Structure formats: structure tokens, C-alpha cells
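Below, each chain spelled out in residue letters.
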Amino acid sequence: MKATEAILWSIALPGFAQVLNRKLVKGIILIGLEFLINVQSNLNEVIIFSFYGQIEMAIANANFQWLMFYPCLYFFAMWDAYRDVGGDEKPYAFLPFVFSAYFVTVGTIYSSTFSLFEVLLGPLWLPMLSVLPGMLVGFLLQMLLSKRSSIKYQ
């Protein structure tokens, strides 16, 4: 499996790429955790209400105590699948995944009150939009730390 394929399968279902990589125990645990958090947080209802533009209903139905676990599980599963197929050969390759998890978690925290252009984005759209600055910060730090390491050893 290639790195892109591993990440895409992890986006579809956290833990599935691990199963495809024959890391069965890890994959089954990640899939189980995904289902547990999904059900306990009411994530599928949040997704449906968000797609229909019923953001207040999405907020009302979200169990934020459980939903807060989802970003770290989601991005860890992607990172782990990426690492299993050799994606960690670049120094600091984990940083875009880690910072995406951080930013999505913060997006989840503020999702019931933060508006963009007077539009309340809610617990689906704001966390999803938070991936972009998380990845940007992660890639920027990866680049800076890699440059610093290469200068240090010259």
C-alpha cells in the first residue's frame, strides 16, 4: 500500500488502513474506538443536521464530551497508517498530523459559538475547516525544523 492510499483509507474509516496493512489488532481497536466515539458523540446525527444546514440541531445533538476525542483518534489513525507504509522517512513527518489534531480539537471546542461572516459553522464545518491551518502550521514547522537540523549538522 502506498502512503496516499493509506491516508485515504484512514480518512474513510480510521483503522481500516491498519487492517489492510495486516496490523489486525491495532486496526480492530481503532475501528472499535471510532464506532464507540461516533455513537457516543452522536456524530452521524451531527453530520446529517450539518449537511441540511440545521446547525443549531447539530449543536444540540452533539455530545461534546465524546466528540472531543474524535480528532486525536482520527489523525492518529492517519499518521499510524502513513508511518506503517514508510511515510515517516522525512524528519518531523508527524507534525502536520499532530497540528491538524490540535486545531480540529480547538475548532470543536469553539464550534457552538464561533461564526464566520455571521454564519455559525457548528460541530462539523468549523472542525473540518480547522484542518487547513493545522496542516499549514504542521508543514511550516516541519520545514523549519528540518532546515534547522540540516544546518546544525553541516
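Calculation criteria
- Residues numbered from 1 in each chain as written.
- Predicted model: local features only at pLDDT ≥ 70, side-chain atom pairs only at ≥ 80, totals over all residues.
- Heavy atoms only, no water.
- Helix = DSSP H or I, 4+ residues; strand = E, 2+ residues; numbered from the N terminus.
- Expected span 1.5 Å × (residues − 1).
- Buried < 20%, exposed > 50% of the residue type's maximum accessible area, 1.4 Å probe, protein only.
- Phe/Tyr/Trp six-rings, centres within 6.5 Å; stacked < 30°, edge-to-face > 60°.
- Salt bridge = Lys/Arg side-chain N within 4 Å of Asp/Glu carboxyl O.
- Contact = heavy atoms within 4.5 Å.
- Patch = residues over 30% accessible without salt bridge, like charges linked within 9 Å, V, L, I, M, F, W, Y side chains within 5 Å.
- Areas by Shrake-Rupley, 256 points an atom, 1.4 Å probe, with all protein chains shown as cover.
- Axes fitted to C-alpha atoms, helices over the stretch in contact; angles between N-to-C directions.
- Parallel < 35°, antiparallel > 145°, perpendicular 65-115°, else oblique.
- Left-handed = near helix turned anticlockwise from the far one by under 90°.
- Nonpolar A, V, L, I, M, F, W, Y, C, P; charged D, E, K, R; others polar.
- UniProt positions renumbered as here; feature names shortened; annotations may be inferred.

Quick one: what's the story with helix 7 (residues 70-84), residue by residue and with numbers?
With 15 residues, helix 7 extends 21 Å from end C-alpha to end C-alpha; this agrees with the ideal 21 Å at 1.5 Å per step. Within helix 7, eleven of the 15 residues are buried, which leaves it mostly tucked inside the rest of the structure. When helix 7 is considered as a whole, its buried residues turn out to be Tyr70, Pro71, Leu73, Tyr74, Phe75, Ala77, Met78, Trp79, Asp80, Ala81 and Tyr82. Positive backbone phi, at 90°, marks Gly86, one or two positions downstream of helix 7.

Hey, could you go over the packing of aromatic side chains for me, with residue numbers and the actual values?
One pass over the structure, following the stated rule, counts eleven aromatic pairs. Seen from their ring centres, Tyr82 and Phe97 are 5.3 Å apart, and the 40° between their planes marks the pair as tilted. You can see Tyr82 sitting in helix 7 and its partner Phe97 sitting in helix 8 (residues 95-110), a full 15 residues away along the chain. Each of the two residues, Tyr82 as well as Phe97, counts as buried.

So what's going on with the environment of Val39? Residues and values would help.
Within the element layout of this structure, Val39 appears in helix 3 (residues 24-41). Judged by relative accessible area, Val39 falls into the exposed class, the value being 54%.

How would you summarise the pattern of salt bridges if you had to cite specific residues and measurements?
Following the criterion strictly, the structure yields three salt bridges and no others. Residues Lys26 and Asp80 are paired through a salt bridge, measuring 3.0 Å at the closest nitrogen-oxygen approach. In this pair, Lys26 sits in helix 3 while Asp80 sits in helix 7, placing the two residues 54 residues apart along the sequence. A salt bridge links Arg83 to Asp80; the nearest nitrogen and oxygen atoms lie 2.5 Å apart.

With reference to specific residues and values, describe the side chain of Ser50.
Locating Ser50 in the fold gives a position in helix 4 (residues 43-51). Excluding residues that lie within four positions of it along the chain, Ser50 makes contacts with Ile55, Ala58, Leu124 and Trp125.

Please give an account of a nonpolar patch on the surface that cites residues and values.
A grouping of Val106, Ile109, Tyr110, Phe114, Leu116, Phe117, Leu129 and Leu132 is seen on the molecular surface, where their side chains present a nonpolar patch of about 840 Å² in accessible area. Contributing elements (two or more residues each) for the nonpolar patch: helix 8 and helix 9 (122-152). Its place among the elements puts Leu116 in strand 1 (residues 115-116).

For the packing of helix 3 against helix 7, give the residues involved together with the corresponding values.
Packing of helix 3 against helix 7 leaves a shortest axis separation of 10 Å and a crossing angle of 160°. The orientation of helix 3 with respect to helix 7, classified from their angle, is roughly antiparallel. The element helix 3 and its partner helix 7 pack so that their crossing is left-handed. Across from Lys26, Leu30, Leu33, Glu34 and Ile37 in helix 3, the residues of helix 7 making contact are Tyr70, Leu73, Phe76, Ala77, Asp80, Arg83 and Asp84. Taken together, the residues of the contact of helix 3 with helix 7 break down into seven nonpolar, no polar and five charged.

Residues and numbers for the UniProt feature "transmembrane region" (unreviewed entry) in the protein chain, please.
Taken from the UniProt record, the annotation "transmembrane region" (unreviewed entry) applies to residues 64-82, 94-112 and 124-145. Overall, residues 94-112 shows 84% helix and 0% strand. The separation of its end C-alpha atoms is 29 Å.

Got a sec to walk through the environment of Ser100? Specific residues and values, please.
Structurally, Ser100 is set in helix 8. Note: C-alpha distance between Ser100 and Pro133 (33 residues apart in sequence) is 7.5 Å. Non-local contacts of Ser100, meaning those with residues more than four positions away in its chain, are made with Phe75, Val131, Gly134 and Met135.

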